[in-house]
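# Breakdown of the fold
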Amino acid sequence: MSRMNVGPVRAFNMMREILGGFEEVGATREDFKNYRKKHNSSIGEYDAQMAVDHLMRKKEYMPNFSCEYITDDQNCLRGLFWADELGKKNYHIFGDVMSFDATYRSNKYSMVFVPFTGIDNHCSNVTFGAALLGSETTESYVWLLKCFLKAFIKQPQVVVTDQDPAMTKAIELVFKESRHRFCMWHIMNKLSIKVGVRLCNCTDFKKDICNIVWTDAISPEEFDARWKEIIVEHKLEDNNWLHDIFGKRESWIPAYYKDELLSGLMRTTSRSESENHFFGQLCNPRSTLVEFLSHYETAMESQRHTHRKNDHDTRFTNPELKSLWWLEAEAAKIFTRTTFLDIQQEMDMMRKLMCQTYYPVEDDFMKYHIKDWTQMTSKPFEVMFRQSDMTIYCECRRFESFGLFCRHIFYVLRQMDIREFPKKYVLRRWRRDVVPNSSNRNDDTIYVQALDDGGRVLMRDIMYANEYVLNKLSGNMAELSLYKEHVQSYMQKADNVDFVPPPPAKRDRFGELTGTSQNDRLPIRVPLGYKTKGSGSHKRIKSKQEEAIIKAGRKQKQCQNCLEFGHYSTTCPEPPQRNKGVETANEASVLSKTKKGKGAEAHPQSNTGGSSTRVLRSRVNKQ
């Protein structure tokens, strides 16, 4: 339960419910707490060393597992990077567009967690590798990206991050062949703060900006012209922030990525934010590095189980078809379920299209002008089609951005009665069979059950030999049946073998739980003194806009001495002053009480009126 980030008290309550009562658990709540304390105390100062050893053993006995670490002059851990074989396989299939972002409060040492995230063939998040960094400097990110490039060899086509200057500089130095893209959401989220809330809410400025920023249906030249018109219209020529982001428009505006293949898959870091939330559910800011790695492996098991479930649903269930068109039925057999539903939606939108004109052009192409009635203000889309080699191209460039046909292309294919999906436009990353059935499985059980190095090597060889045989014989039912009988005969032999291992020591039991062990050499020390951007106060940082809203709704302090706001009379910088209005009211109150008490003797027309008034004034002053 600790692997699922379940604390000792909750684990005890869950065991009580599962087993049927307190007496069935076999331990008390205090025993659960003490066991957790002993577990953490057994790790102690060996935390960083045990975490590194755990990953380095995987590198030794798992094929294609990568692990790199770096320490400072005092032998304190500064960075740790790892990636397994399955992550590398996924990267070479789905690594065309990648995002990475730092998340905080994942361990007790304030090391930032940096997962590398992509999109698989089911449009779900897939993790290629991960790292822990002690600082967010350019040097740290340069080391991390070099480790990534050493493990994965190939650079991604597009890398999406926020506007972190250290990340930006590191990507320029290491990923020289990749195109760095800024997160659009982080930029547009600052718009109302930089130009003013009143301008965004009371005018059409924000609407006009969003219409040209978030669309990819305009050209770069058209974007530049309309941007300048909006700036001049709202008199924002002197706004330095708008001038700065316009100068960087090639790094975040979709109009400048129309020619970049599959660049439309990821325009923001929302995938990384979702991945950080996914890992955050299984991590906590008080966990050790050994516990964090255990939580990470649990999260990866969950992610890969979801991928296997999506593969199973695609292979063994049939989607509902909405038409009798040949291409719809063929697309259901080629693509994954999620991808097919997207294609089916585009096919369904063909009924809202109309071909205005079509005529032959050079190189045996036919040019079609397709009117989209869902976009009343847009001009007709041009589609070029050559039937001899099934070459087709649309002006909206949806295939270039996402790797999937648009509704305009489907409209032309249906008009031409095409009954076979063009093979050269079926990208490998969206196919249902791109990931073998044997992939997305966790091989960490080797290191839990094996007792020594020889056992680990032997079990690894047996596992991969078994997987190799199954893949080779997948189409031969007769040979598979013989292999099944052969394996089952050995299963019967295994049941007859009685082996009772000696009881392990307490340290060995803890090591078995964590998959780590201590050694007598000088250990790598835990990181100390590192302070990242997200490790300061546990309170959420409020923006200036939020602080202004809270301040406007709060009742202001008013000084009764100078009548100014923001302080009290006890802290007023001005000297005390007599308030004549209050003084007169107090005097009148005292005089009325005196009249009621003394009757005619206190009448102001008596001979003693002057002296009594002076006495009353002095009494009021004392009060």
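Residues numbered from 1 in each chain as written. Predicted model: local features only at pLDDT ≥ 70, side-chain atom pairs only at ≥ 80, totals over all residues. Heavy atoms only, no water.

## Quick look at the overall build of the protein
Each helix and strand in the protein was counted, giving 25 helices and eleven strands. Taking all 623 residues of the protein together, 43% fall into the buried category. The contacts of the protein with a sequence gap of at least 6 include a subset with a gap of at least 24, amounting to 62%. Element-wise, carbon and sulfur atoms account for 52% of the exposed surface of the protein, whose accessible area totals about 35900 Å². (Helix = DSSP H or I, 4+ residues; strand = E, 2+ residues; numbered from the N terminus. Buried < 20%, exposed > 50% of the residue type's maximum accessible area, 1.4 Å probe, protein only. Contact = heavy atoms within 4.5 Å. Areas by Shrake-Rupley, 256 points an atom, 1.4 Å probe, with all protein chains shown as cover.)

## Here's the deal with the sheet that holds strand E10 (residues 381–386)
On the basis of which strands lie adjacent, the open sheet formed by four strands has the order E8-E9-E10-E11 and antiparallel pairing. Both edges of this open sheet fall to strand E8 (353–360) and strand E11 (391–394), since each of them pairs with a single strand only. Recorded for the sheet is a direction-independent mean angle of 20° between the axes of neighbouring strands. (Pairing = 2+ DSSP bridges. Axes fitted to C-alpha atoms, helices over the stretch in contact; angles between N-to-C directions.)

## Concerning the packing of helix H3 (residues 47–61) against helix H14 (residues 289–316)
For the pair H3 and H14, interaxial distance at closest approach is 8 Å and the crossing angle is 40°. When the axis of H3 is compared with that of H14, the two are oblique. The segment H3 lies against H14, with Asp47, Ala48, Met50, Ala51, His54, Leu55 and Lys58 engaging Leu289, Val290, Leu293 and Glu297. Looking at side-chain class alone, the contact of H3 with H14 contains seven nonpolar, one polar and three charged residues. (Parallel < 35°, antiparallel > 145°, perpendicular 65-115°, else oblique. Nonpolar A, V, L, I, M, F, W, Y, C, P; charged D, E, K, R; others polar.)

## Brief notes about the nonpolar core
Residues Phe335, Ile392, Phe405, Phe410, Leu413 and Phe421 are the most contacted members of the largest nonpolar core, which totals 41 residues. Breaking this core down by element, the ones donating at least two residues are strand E6 (158–161), helix H15 (326–334), helix H16 (337–348), strand E9 (366–372), E10, E11 and helix H18 (407–415). Once residues lying within four places of it in the same chain are set aside, the contact partners of Phe421 are Leu327, Glu330, Ala331, Ile334, Phe335, Phe405, Phe410 and Val426. Ranked by size, the runner-up nonpolar core spans 33 residues in total, among them Ile93, Val112, Cys147 and Phe148. (Core = buried A, V, L, I, M, F, W, Y, C linked by side-chain atoms within 4.5 Å.)

## Regarding the pattern of salt bridges
Where charged atoms from two side chains of opposite charge come close, those side chains can pair. This model, assessed by the stated rule, comprises 23 salt bridges. A salt bridge links Glu260 to Arg179; the shortest N-O distance between them is 3.4 Å. One end of the pair, Glu260, is in the loop between helix H12 (240–247) and helix H13 (270–280); the other, Arg179, is in strand E7 (residues 179–182), and 81 residues separate them in sequence. Taking the shortest distance from any N to any O, the salt bridge between Arg386 and Asp389 comes out at 2.9 Å. Salt bridges sharing common partners tie together Lys59, Glu68 and Lys150. (Salt bridge = Lys/Arg side-chain N within 4 Å of Asp/Glu carboxyl O.)

## Let's talk about a nonpolar patch on the surface
Taken together, the side chains of Met1, Met14, Ile18 and Leu19 make up a nonpolar region of the molecular surface, amounting to roughly 360 Å² of accessible area. Looking at the secondary structure, you find Met14 in helix H1 (residues 8–19). Owing to a relative accessible area of 35%, Met14 belongs among the partly exposed residues under this scheme. (Patch = residues over 30% accessible without salt bridge, like charges linked within 9 Å, V, L, I, M, F, W, Y side chains within 5 Å.)

## Quick look at the UniProt feature "domain: SWIM-type" (unreviewed entry) in the protein
This chain's UniProt record puts "domain: SWIM-type" (unreviewed entry) on residues 381–417. In this annotation, residues 381–417 is assigned 38% helix and 27% strand; the end-to-end C-alpha distance for the span is 20 Å. (UniProt positions renumbered as here; feature names shortened; annotations may be inferred.)

## Focus on the side chain of Glu136
Within the fold, Glu136 resides in the loop between strand E5 (125–133) and helix H5 (138–152). Residue Glu136 is classed as buried on the basis of its relative accessible area of 13%. Among the polar contacts made by the side chain of Glu136, one reaches the side chain of Tyr141 at a distance of 3.4 Å. (Polar contact = N/O pair within 3.5 Å; in protein donor to acceptor, adjacent residues only side chain to side chain.)

## Points about the environment of Pro254
Along the polypeptide, Pro254 turns up in the loop between H12 and H13. Once the C-alpha coordinates of Pro254 and Trp214 are considered, the two residues, 40 residues apart in sequence, prove to be 6.9 Å apart. Setting aside residues no more than four positions away along its own chain, Pro254 makes contact with Arg181, Met184, Val213, Thr215, Asp216 and Arg267.

## Some remarks on H3
For H3, spanning 15 residues, the distance from its first C-alpha to its last is 22 Å, which sits close to the expected 21 Å at 1.5 Å a residue. Burial analysis of H3 places eleven of its 15 residues in the buried class, the great majority of the element. Asp47, Ala48, Gln49, Met50, Ala51, Val52, Asp53, His54, Leu55, Lys58 and Tyr61 are the residues of H3 that are buried. (Expected span 1.5 Å × (residues − 1).)

## A word on the pairing of strand E1 (residues 66–71)
The pairing of E1 with strand E2 (residues 77–83) spans six bridges and is classified as antiparallel. From the neighbouring strand, Tyr69 faces E2, where its bridge partner is Leu80.

## Topic: the sheet that holds E2
Here seven strands make up an open sheet; going across it, the order is E1-E2-E5-E4-E3-E6-E7 and the pairing mixed. The sheet is open, and its two borders are formed by E1 and E7, each paired with just one other strand. With strand direction ignored, the average angle separating the axes of adjacent strands in the sheet is 20°. Contacting E1, E2, strand E3 (97–100), strand E4 (112–119) and E5, helix H4 (residues 85–94) crosses the sheet at an angle of about 120° to E5. This element, H14, spans E2, E4 and E5 of the sheet and lies at about 170° to E5.

## Remarks on the packing of aromatic side chains
Scanning the entire structure with this criterion turns up 28 aromatic pairs. Ring centres of Phe81 and Phe116 lie 6.4 Å apart, and the angle between their planes is 80°; this geometry places the pair in the edge-to-face category. With Phe81 in strand E2 and Phe116 in strand E4, this pair connects stretches of sequence that are 35 residues apart. Each member of the pair Phe81 and Phe116 is classed as buried. Members of the aromatic cluster, each reached through a chain of ring pairs, are Phe81, Tyr91, Phe100, Phe116, Phe128, Phe148, Phe152 and Phe175. Stacked on the ring of Tyr257, the Lys or Arg Arg179 has its end atom at 3.9 Å from the ring centre. Seen from the ring of Phe246, Arg249 lies directly overhead, with NZ or CZ sitting 4.1 Å from the centre. (Phe/Tyr/Trp six-rings, centres within 6.5 Å; stacked < 30°, edge-to-face > 60°. Lys NZ or Arg CZ within 6 Å of the ring centre and 35° of its normal.)

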